[in-house]
Amino acid sequence: QKEVEQNSGPLSVPEGAIASLNCTYSDRGSQSFFWYRQYSGKSPELIMFIYSNGDKEDGRFTAQLNKASQYVSLLIRDSQPSDSATYLCAVIVSGSARQLTFGSGTQLTVLP
Amino acid sequence: GAVVSQHPSWVICKSGTSVKIECRSLDFQATTMFWYRQFPKQSLMLMATSNEGSKATYEQGVEKDKFLINHASLTLSTLTVTSAHPEDSSFYICSARDLSGGELFFGEGSRLTVL
């Protein structure tokens, strides 16, 4: 079982819609969760991190964490074509040297 | 925000040659830097953890004699791909964490093509 799993997509949503990206992780002891956006040929850039159960909002982005279900999601409201990218879920696995373990990423396309 | 710079951003080399990639933290000191490799349409795979002043810790399956990592100062780590082969062609990305152990910052990545 992969430590961090994401639906690879592609996920297509119309402009203005809500895009929902999901991620599950296997290590129940994981404490820190991150969402990165990666444009083709570019390095990942941090969108949000979340440590506590519940929702965390930042502008159009909302991260949701449910540790009991080992599930973290990212919602993008009012999706824009510029949001089209691959979204990577990353987890700091317990017992590691605090390095990130990445999911395979979900490719999102926002259609104008 | 903090900046991590990688150089070169892209490099083409012949099979059998060695290539060095530099990763610098420009406005903060990083005791730990991480090297990732990303093949097309795949996720980032951690290759090794580079610690200033000590030997790097390599992930399972990564050849330490092929991927030489040196972290000689708090602002510079280098990855040398020795005797590169076409299968080493990939996008190599470094990341660095500042001394407070906070946010992880990524370099711009270095695309290696081995002919």
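Preceding this paragraph is the structure being described.
This one's a predicted model, so the numbers in the text were calculated from it and none came from an experiment.

## Focus on the overall build of chain B
Across its full length, chain B holds 0 helices and 11 strands. For chain B, the N- to C-terminal ordering of α and β elements is β-β-β-β-β-β-β-β-β-β-β. Relative to the 2.2 N^0.38 estimate, which gives 13 Å for 115 residues, the radius of gyration of chain B is 13 Å and therefore close to what a compact globule would have. The C-alpha extent of chain B, read off along each of the three principal axes, is 40 × 25 × 20 Å. Here chain B, with 115 residues, has 49% of them falling under the buried criterion.

## Notes on the sheet that holds strand 3 (residues 19-25) of chain B
All names here are of chain B. As summarised here, the arrangement of the 4 strands in space is 1-3-8-7, forming an open sheet in which the pairing is antiparallel. Edge positions in the sheet fall to strand 1 (4-7) and strand 7 (67-73), since each has one partner strand and no second. Each strand axis lies, on average, 15° off the axis of its neighbour in the sheet, ignoring direction.

## Let's talk about the sheet that holds strand 3 (residues 19-25) of chain A
Residue and element names in this part refer to chain A. Spatial strand order, 1-3-8-7-6: 5 strands in an open sheet with antiparallel pairing. Each of the sheet's edge strands pairs with one partner strand only, and the pair in question is strand 1 (4-6) and strand 6 (54-58). Averaged over all pairs of adjacent strands, the angle between their axes in this sheet comes to 20°, without regard to strand direction. Bridging between strand 6 and strand 7 (residues 61-66) involves 5 bridges; their strand directions are antiparallel. Residue pairing for strand 7: D55 is matched across the bridge by Q64.

## Looking at the layout of surface pockets
Roughly 560 Å³ of internal volume is contained in the largest pocket. The wall of the largest pocket is formed by 26 residues, among which E3(A), T101(A), L44(B), M45(B) and L46(B) lie closest to the centre. Secondary structure elements with two or more residues in the lining of the largest pocket: strand 10 (100-102) of chain A together with strand 4 (32-38) and strand 5 (45-51) of chain B. A class-by-class count of the residues in the lining of the largest pocket yields 11 nonpolar, 11 polar and 4 charged. Approximately 480 Å³ is the volume attributed to the second largest pocket.

## Focus on the state of the cysteines
Residues and elements named next belong to chain A. Tallying each qualifying case throughout the model produces 2 disulfides over all chains. A sulfur-sulfur separation of 2.1 Å characterises the disulfide bridge that pairs C23 with C89. Its S-S torsion of about -70° marks the bond between C23 and C89 as left-handed, since a negative value means left-handed. Of the two residues, C23 is situated in strand 3 and C89 in strand 9 (residues 85-92); the sequence distance between them amounts to 66 residues.

## Points about the pattern of salt bridges
All names here are of chain B. As enumerated under the stated definition, the model contains 5 salt bridges over all chains in all. The partner of K66 in a salt bridge is D88, and the shortest N-O contact between them spans 2.9 Å. Pair noted here: K66 is in the loop between strand 6 (57-58) and strand 7 and D88 is in the loop between strand 8 (76-81) and strand 9 (90-97), with a separation of 22 residues, a long-range link. Like D88, K66 is buried.

What counts as what
Counting of residues starts from 1 at the beginning of each chain's written sequence and follows it residue by residue. Both sets of labels track the order of writing: A upward for chains, 1 upward for ligands. Given that this is a predicted model, residues contribute local features only at a pLDDT of at least 70 and side-chain atom pairs are listed and counted only at 80 or more, while totals for whole chains, interfaces and linings are drawn from all residues. Processing note: side-chain calculations cover all non-hydrogen atoms of the structure and skip hydrogens and water entirely. Helix and strand labels come from DSSP, where a helix needs a run of H or I of at least four residues and a strand needs a run of E of at least two; each type is numbered from the N terminus. Here the radius of gyration uses the C-alpha set of atoms, whereas the globule reference equals 2.2 Å times the residue count to the power 0.38. Here the term buried applies to any residue with accessible area under 20% of the maximum for its type, exposed to any over 50%, and partly exposed to those in between, with areas from a 1.4 Å probe on protein chains only. When DSSP finds at least two bridges between two strands, those strands are taken to pair. Every angle, taken between N-to-C directions, lies between 0 and 180 degrees, and every axis is a line fitted to C-alpha atoms, over only the stretch in contact when it is a helix. Only protein atoms enter the 1 Å grid used here, on which a cavity is any set of points holding a 1.4 Å probe that cannot leave and a pocket is any open set flanked by protein within 12 Å on both sides along at least five of seven lines; residues with an atom within 4 Å of a point are listed as lining. Grid points are joined across faces, edges and corners, and a volume is the space filled by probe spheres set on the points. In this classification, Asp, Glu, Lys and Arg are treated as charged, Ala, Val, Leu, Ile, Met, Phe, Trp, Tyr, Cys and Pro as nonpolar, and every other residue, Gly included, as polar. In this description, a disulfide is simply a cysteine sulfur pair whose atoms lie within 2.5 Å. Any Lys or Arg side-chain nitrogen found within 4 Å of a carboxyl oxygen on Asp or Glu counts as a salt bridge.

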